[in-house]
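Reading the structure
Residue-level listing of the chains:
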Amino acid sequence: MRLISGLLGFILLCGGASASAAHDETQTPPNIVIVMADDLGWGDVGANGAELIRTPNIDRLAKEGIRLTSFYAGSNVCTPSRAALLTGRYPIRSGMQHVVMPHSDFGLPQSEVTIAEILKDAGYATGMVGKWHLGHRDEHWPTAHGFDEFFGVAYSNDMQPFDLYHHKTVVQSPVEQRELTDRYASAAEDFIKRNREKPFFLYYAETFPHIPLFVPEDAEGVSEAGHYGDVVEHLDQGIGRIMNALEEAGVADNTIIIITSDNGPWFEGDPGAWRGRKGGTHEGGFRVPFIARWPDKIVPGQVSDEMAMNIDLLPTVAALVSEALPQDRVIDGKDIYDVLTKGQATPHETLFFFDGNDIAAVRDRRYRLVLSTFYRTFPVPFERFGTALLFDLERDPQERFSYLRDKPEVYDRLMARVAAMRLDVADLRTEPGSPFPPTDTSIPVGPVLSSD
């Protein structure tokens, strides 16, 4: 693969789709910054209506760019969603449909192609700061998947051992979590400063507001939303530091910066008007904030309700740098450049919502069919009872009332899509590992890495 200098064709290569209009021939390759918060709710940012949490930096990006109000994470939990974002594929396709634990020996396969690898092939400097959570053996580490640099942690901050790494070297053990957001922001500033003379990709994956919650002492007690609000507001300050670094480097106007989250909020936080939370199968578990700013191409102040998912970022990025998508695998994402810059409709006919191995829901532009949910401590597979829940997102976006009886033709159409997808991924099912630490002391717990 190579970067075609001066001509950034916006080519929809996924599934043989037709090409979109060519980019301005004088445009230099844009820098790309993707910010992935951990468990940040749709309603936790001011631009989406947060009442008790102040996020002025995120809100500024929304005013200067576009806000997608029907954007979804690729899963309702951490690991699968991150795999979806980086590979452009539903996580079951990469074998990453279950959460990686400290004692897990699986991770993102070497055969997967990531955004970082595509951009590295296109001549970009590639750096990651923050939470990886896609495996912690050498072959699964960020630097084995296209990132030139890594500064961050292996997995979620409620897992042990929890150490801070630079590349593969531990620089703090255990992590002082009060300092973590500030250290991430400093690493991001440094990466931007060092790479300002060439195109760069920064994947900035915050640890917070995943619990446990930490902020520096001087950031405590400042939010009306309690400790959780303190954490989100401090996270927003880190994003402000990234924006300042881009401006000081003179590259802010030709940098795409995207803000999103890996799933809905967990025990605290605001899913907005949407039903459900992290781990669930309803909207609140999957629908997340999405803001994109690119002054050279995105008209300020746009709001779009067109549906999209984090699987769309890889094909969109590939098109931006005129890199062909892999032809030996299914790429589920679509190029959403025209959604972001031209106000066009979503390229998706349907989106699927996986819960581990299973399709828990599917939606089209109006209806969402939910096939399973949770009650107390166990899943409820509606199909076993000969039913499902069909929600009309125009009439009832809160998913309160099912219109299954009224719209049998919609049910039949969506179930046909589900049946086809189930057949497509039938051989990709895997068993989730135990979430509990092993009793066998011979099983490694934590990263197992060779030296740099």
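In this text, all values refer to a predicted model and were calculated from it rather than measured experimentally. (Residues numbered from 1 in each chain as written. Predicted model: local features only at pLDDT ≥ 70, side-chain atom pairs only at ≥ 80, totals over all residues. Heavy atoms only, no water.)

A word on the sheet that holds strand β18 (residues 389-392)
What counts, and what does not: DSSP bridges decide pairing: two strands pair if at least two such bridges lie between them. By the criteria applied, helices consist of DSSP H or I runs no shorter than four residues and strands consist of E runs no shorter than two, each listed in order from the N terminus. Only the stretch in contact is used when fitting a helix axis, every axis being a line fitted to C-alpha atoms; angles between N-to-C directions are given from 0 to 180 degrees.
Spatial ordering of the open sheet is given by β13-β14-β15-β18, a layout of four strands whose pairing is antiparallel. Lying at the two open borders of the sheet, with one neighbouring strand each, are β13 (351-355) and β18. Averaged over all neighbouring strand pairs, the angle between strand axes comes to 20°, with direction disregarded. Here five bridges tie β13 to strand β14 (residues 358-363), and the two strands are oriented antiparallel to one another. Across the sheet, the residue bridging to F354 is I359, located in β14.

A word on the environment of K168
Cut-off, in case you're wondering: Polar contact criterion, stated in full: a pair of N or O atoms within 3.5 Å, where within protein one must be able to donate a hydrogen and the other to accept it, and residues adjacent in sequence count only if both atoms are side-chain atoms.
Note on placement: K168 falls in the loop between β6 (164-166) and β7 (169-172). Each C-alpha atom of the pair K168 and V448 lies 9.6 Å from the other, and the pair is 280 residues apart in sequence. Side chain to side chain, K168 and S450 meet in a polar contact 3.5 Å long.

As for the sheet that holds strand β9 (residues 255-261)
An order of β7-β6-β5-β4-β8-β1-β9-β10-β2-β11 is seen for the ten strands of this open sheet, with the pairing classed as mixed. Both edges of this open sheet fall to β7 and β11 (302-304), since each of them pairs with a single strand only. Along the sheet, successive strands turn relative to each other by an average axial angle of 15°, direction set aside. Pairing of strand β4 (residues 125-131) with strand β8 (residues 200-205), which is carried by six bridges, proceeds in the parallel orientation. Along β8, the bridge assignment pairs G127 with L202.

Thoughts on the nonpolar core
The criterion, for reference: Buried Ala, Val, Leu, Ile, Met, Phe, Trp, Tyr and Cys residues that are joined via side-chain atoms within 4.5 Å together make up what is termed a nonpolar core. Classification of residues uses two cut-offs on accessible area relative to the type maximum, computed with a 1.4 Å probe and protein chains only: under 20% is buried, over 50% is exposed, and between them is partly exposed. We call two residues contacting when some pair of their heavy atoms lies within 4.5 Å.
Residues I115, F201, Y203 and Y204 are the most contacted members of the largest nonpolar core, which totals 99 residues. Per element, the largest residue contribution to this core is nine residues, and it comes from helix α5 (residues 226-248). Setting aside its immediate chain neighbours within four residues, Y203 contacts I34, M36, R82, L85, L86, G127, M128, V129 and F147. By size, the runner-up hydrophobic cluster in this structure holds 31 residues, among which are I311, Y367, V370 and A388.

Describing unusual backbone geometry
Going from Q160 to P161, the amide bond is cis rather than trans, its omega being 0°. Locating P161 in the fold gives a position in the loop between β5 (149-153) and β6. For the peptide bond that leads from F208 to P209, omega is 5°, which places it in the cis range. Even without being glycine, H133 reaches a positive phi, approximately 65°. The residue H133 is located in the loop between β4 and β5 in this model. Residue H133 is classed as buried on the basis of its relative accessible area of 0%. Positive phi outside glycine occurs at R376, with the angle close to 55°. Mapped onto the elements, R376 comes out in the loop between β16 (372-375) and β17 (378-381).

A look at the side chain of D392
Here D392 shows up in strand β18. A polar contact of 3.2 Å, which involves the side chain of D392, links it to the backbone nitrogen of R395. Other than its neighbours up to four places away in sequence, D392 contacts R366, Y367, P397 and Y403.

A short note on the layout of surface pockets
The cut-off we apply is this: Definitions used for this entry: grid spacing 1 Å over protein atoms alone; cavity, a set of points where a 1.4 Å probe fits but cannot get out; pocket, an open set with protein on both sides within 12 Å along at least 5 of 7 lines; lining residue, one with an atom within 4 Å of a point. Grid points are joined across faces, edges and corners, and a volume is the space filled by probe spheres set on the points. Three residue categories are used. Nonpolar comprises Ala, Val, Leu, Ile, Met, Phe, Trp, Tyr, Cys and Pro, charged comprises Asp, Glu, Lys and Arg, and polar comprises the others, including Gly.
In this structure, the largest pocket spans a volume of roughly 650 Å³. Tallied by class, residues from the lining of the largest pocket come to nine nonpolar, eleven polar and six charged.

Here's the deal with helix α1 (residues 56-63)
Applicable threshold: The directions from the helix axis to the C-beta atoms are what the arc is built from.
Within α1 the residues assigned to the buried category are I58, D59, L61 and A62. Burial along α1 is one-sided: seen end-on, the buried residues are contained in an arc of 155°. Exposed positions of α1 whose direction lies more than 90 degrees from the buried face are P56 and K63. Among the structural elements, β2 (66-68), α5, β9 and β10 (290-293) are those in contact with the buried residues of α1.

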